[in-house]
Amino acid sequence: MNIEVPRDNMLARAIRILDVFDPDHPRLAVAEIARRTGLPSPTAYRLVNELISHGLLTRTVDHRVQIGLRLWEMASRTSEATRLIDIAAPFVDDLYASLREHTFMAVLEGVEVLHIRRQSAPGSKVISDVPTAGRLPAHACSSGHVLLAHAAPELLGQALTPPLEALTSHTVTDPEELRRRLADVRHRGYAVDHGGVRDNATGISAPVRGPNGDVIAAITVIQHREESQITAVVPALLATSRSITRALGAAPRSVAVGGSVARLSEPRRRQIS
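Please read these numbers as outputs of a predicted model, since none were measured by experiment.

Counting 24 residues, the largest nonpolar core has Leu 108, Val 113, Val 146, Leu 147, Leu 148 and Leu 182 as the members making the most contacts within it. Elements supplying a minimum of two residues to this core: strand S4 (102–109), helix H6 (142–149), helix H7 (153–159), helix H8 (175–188) and strand S9 (215–224). Looking at this core element by element, the count peaks at 4 residues for H6. Formed by 23 residues, the second largest nonpolar core is a distinct cluster that contains Val 107, Ile 116, Val 192 and Ala 206.

This is the structure:
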């Protein structure tokens, strides 16, 4: 009697293929896709052609493959993140125009921060190479600290489970120290991280709340660590986060810079995906 060995279903394999594309690998040969996914070459070729036929992948003039516009179209139709970006973009752009520093908006995706909007400052001394749709470990950056400070306990537990990756010598990898920092973020209403992602960078982040009051995103400004002017940035950052919160239909909660939060938020229960 033949017993069928369980295998990945076709959907799981297709997702594995789509997942190999990233900012460093926007276009790949099918043979490279097979190697990176671990799929047999005939299977990879067959699935790639199927995804191309549905517009989820497209073939380039040099016979490589890239993500198709239909995937973007489908995501844009239904994603809460798209609505968030559309509403927040003018405020993020105004903040960038005012400060002329790297400016980001990010959401929590599992235990990572996903950048959904960015404005890069060409003359900055800080190199910012995390693109739109790029990710960072949430424990390592100021936007992650804002989002984890308001995360559900089970997600927070996952994010702080050792070992935690050290991106620089300044990345906080001790879970108890991180818990203390997150408590401080909830108290102050914003996060500051020196050198967690790059040694010479300081990240300053503030929360954005959705219509039900949950923290759903973080706005971040990146400055050169030795020239950081936190007291000048925080008021503009908080004003931007409150404006986006209002535009999303939530009543923003007042925060005194350097003081205490008037009302601590409930743990965040859901996330943009």
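Here the narrative resumes.
Glancing now at the pattern of salt bridges. Tallying each qualifying case throughout the model produces 10 salt bridges. The shortest N-O distance in the salt bridge between Arg 179 and Glu 176 comes to 4.0 Å. You can see Arg 179 and its partner Glu 176 sitting in helix H8, 3 residues apart, about one turn around the helix. We classify Glu 176 as partly exposed; its relative accessible area is 45%. Ionic pairing is found between Asp 184 and Arg 188, a salt bridge with its closest N-O pair at 3.2 Å. With Asp 184 and Arg 188 both in helix H8 and 4 residues apart, the pair spans about one turn of that helix. Judged by its relative accessible area of 33%, Asp 184 is partly exposed. Each of the salt bridges in this network shares a partner with another, and the network as a whole consists of Glu 177, Arg 180, Arg 181 and Asp 193.

Attention now goes to helix H1 (residues 10–19). Of the positions making up H1, those classed as buried are Arg 13, Ala 14 and Ile 17. Seen along its axis, H1 keeps its buried residues to an arc of 100°; they face one direction. Turned more than 90 degrees from where H1 packs its buried face, Leu 11 and Asp 19 sit exposed. Contacts made by the buried residues of H1 are with helix H2 (30–37), helix H3 (41–53) and strand S2 (57–59).

A cis amide bond links Pro 162 to the next residue, Pro 163, at an omega of -5°. By secondary structure assignment, the location of Pro 163 is in the loop between H7 and H8. Phi angles above zero are rare outside glycine, and His 63 is one such case at about 70°. Mapped onto the elements, His 63 comes out in the loop between S2 and strand S3 (65–67). Taking relative accessible area as the criterion, His 63 reaches 61% and is therefore assigned exposed. Non-glycine residue Arg 100 carries a positive phi angle of around 55°. With respect to the secondary-structure elements, Arg 100 resides in the loop between helix H5 (80–99) and S4.

This part is about the side chain of Glu 101. Looking at the element boundaries, Glu 101 is found in the loop between H5 and S4. Residue class for Glu 101 comes out buried when judged on its relative accessible area of 18%. In this structure Glu 101 touches Tyr 96, Gln 119, Ala 121, Ser 124, Val 221, Ile 222 and Gln 223, once residues within four positions along its chain are discounted.

So, about H6. Within H6, 8 of the 8 residues are buried, leaving the element largely enclosed by the surrounding structure. Buried residues of H6: Ser 142, Ser 143, Gly 144, His 145, Val 146, Leu 147, Leu 148 and Ala 149, and no others.

Packed helix pairs are characterised by how far apart their axes lie and by the angle those axes make with each other. Running from N to C, H5 and helix H9 (residues 230–247) cross one another at 165°; their axes reach a closest spacing of 9 Å. Of the possible angle classes, the one that applies to H5 and H9 is roughly antiparallel. As H5 runs across H9, the sense of the crossing is right-handed. Of the residues in H9, those touching H5 at Ile 87, Ala 88, Phe 91, Val 92, Leu 95 and Leu 99 are Val 233, Ala 236, Leu 237, Thr 240, Ser 243, Ile 244 and Ala 247.

One open sheet accounts for 6 strands, arranged S6-S5-S4-S9-S8-S7; its pairing is antiparallel. Every interior strand has two partners, whereas the edge strands, strand S6 (135–137) and strand S7 (191–194), have only one. Looking at each pair of strands side by side, their axes are set apart by 30° on average, direction ignored. Of the strand pairs in this sheet, strand S8 (residues 201–209) and S9 are connected by 9 bridges, and their pairing is antiparallel. Counted as the bridge partner of Ser 205 is Thr 220 from S9. Most of the contacts of H5 go to strand S5 (residues 112–119), to which it runs at about 65°, and overall it touches S4, S5 and S9. Here H6 sits on the sheet and contacts S4, S5, S7, S8 and S9; the angle it forms with S9, its principal contact strand, is near 155°.

Cut-offs applied
- Residues numbered from 1 in each chain as written.
- Predicted model: local features only at pLDDT ≥ 70, side-chain atom pairs only at ≥ 80, totals over all residues.
- Heavy atoms only, no water.
- Core = buried A, V, L, I, M, F, W, Y, C linked by side-chain atoms within 4.5 Å.
- Buried < 20%, exposed > 50% of the residue type's maximum accessible area, 1.4 Å probe, protein only.
- Helix = DSSP H or I, 4+ residues; strand = E, 2+ residues; numbered from the N terminus.
- Salt bridge = Lys/Arg side-chain N within 4 Å of Asp/Glu carboxyl O.
- Arc of directions from axis to C-beta.
- Contact = heavy atoms within 4.5 Å.
- Axes fitted to C-alpha atoms, helices over the stretch in contact; angles between N-to-C directions.
- Parallel < 35°, antiparallel > 145°, perpendicular 65-115°, else oblique.
- Left-handed = near helix turned anticlockwise from the far one by under 90°.
- Pairing = 2+ DSSP bridges.

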